[in-house]
Amino acid sequence: DNGTAVALTSSLKSGNCTITSGKLMLGGSSLTVTGTFKVEADGILELYGSEAVSATVAKTLETDSSVVFTGDGDLDSDTHIITDFSSDYYNLSISDTGGLDIFRTNSAVNVNGALSITGGTLDISTNANTLTTAGILTVDGGTLTATSGAIDANSHVVISSGTLTAPSGNFN
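Figured I'd write up the structure that's included with this text. Computed from a predicted model, the values in this text were never measured in an experiment.

### Thoughts on the packing of aromatic side chains
Thinking step 1. The final tally for this structure, using the stated rule, is four aromatic pairs.
Thinking step 2. Ring centres 6.4 Å apart and planes at 80 degrees place the aromatic pair phenylalanine 37 and phenylalanine 85 in the edge-to-face group. You can see phenylalanine 37 sitting in strand S6 (residues 36-39) and its partner phenylalanine 85 sitting in the loop between strand S11 (79-81) and strand S12 (88-89), a full 48 residues away along the chain.
Thinking step 3. An aromatic cluster of at least three residues, connected via ring pairs, comprises Phe37, Phe69, Phe85, Tyr89 and Phe103.

### Considerations on the environment of threonine 163
Thinking step 1. Note on placement: threonine 163 falls in strand S21 (residues 157-165).
Thinking step 2. In this structure, threonine 163 is in contact with Val139, Gly142, Thr143 and Leu144, ignoring residues within four places of it in sequence.

### Overview of unusual backbone geometry
Thinking step 1. Despite not being glycine, aspartate 42 has its phi angle at roughly 75 degrees, a positive value.
Thinking step 2. In this structure, aspartate 42 sits in the loop between S6 and strand S7 (43-47).

### Comments concerning the nonpolar core
Thinking step 1. Judged by nonpolar contacts, the single largest core of 33 residues is most densely connected at Phe37, Leu45, Phe69 and Leu122.
Thinking step 2. Non-local contacts of leucine 45, meaning those with residues more than four positions away in its chain, are made with Ile19, Leu24, Leu26, Phe37, Val39, Ser66, Val67, Val68 and Phe85.

Rules used in this analysis
- Throughout, residues of each chain are indexed from 1 in the direction in which the sequence is written.
- In view of the model being predicted, local features appear only for residues whose pLDDT reaches at least 70, and side-chain atom pairs are presented and counted only at 80 or more, with totals across whole chains, interfaces and linings using the full set of residues.
- Heavy atoms from the whole structure form the basis of all side-chain values; hydrogens and water molecules are not counted.
- Only centres within 6.5 Å qualify two rings of Phe, Tyr or Trp (six-membered ring in Trp) as a pair; their planes then separate them into stacked at under 30 degrees, edge-to-face at over 60, and tilted for everything else.
- Put simply, DSSP H or I for four residues or longer makes a helix, DSSP E for two residues or longer makes a strand, and each gets a number counted from the N terminus.
- By definition, residues are in contact when any of their heavy atoms lie within 4.5 Å.
- For this analysis, a nonpolar core means a set of buried residues of the types Ala, Val, Leu, Ile, Met, Phe, Trp, Tyr and Cys, connected via side-chain atoms within 4.5 Å.
- Buried means the residue's accessible area, taken with a 1.4 Å probe over protein chains only, is under 20% of the maximum for its type, while exposed means over 50%, and partly exposed covers the values in between.

Keep in mind that these numbers describe shape and distance, not what the molecule does.
Quick look at the structure:
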């Protein structure tokens, strides 16, 4: 809480878990919540992308919460399915430090805030999914692959470096 970062070094099981501010870094460890898991405004959940995060009652990402997928940093190309955690995010960041990991969707993804891709690849194309963003969509060093998917960007799209492979036809 209070704006600090907490890193798990092994799997954790909890009754309820709420991130009110600061950052919870799973670092490859699984998180099992037998009650409710919630990320509140100003809270950040950071995952490699392959961790199991389960909540018996509910998983809630509130307005102004953030989820960051970092990859595992091993400089190998790994594929993570980000919709296994959730298909609805407020702020979402794809920030693989090694730049080789692929963060794939297996269902539509809704980002109610900002989407930032600064490292690695967000792939909505393989499973022909739709990506909807309400806030700014930024590609700055990473890749957004959407040739067989659909992008519904309801705000600005900023590409300062990196790659956006857009779907053919209309770009909403």
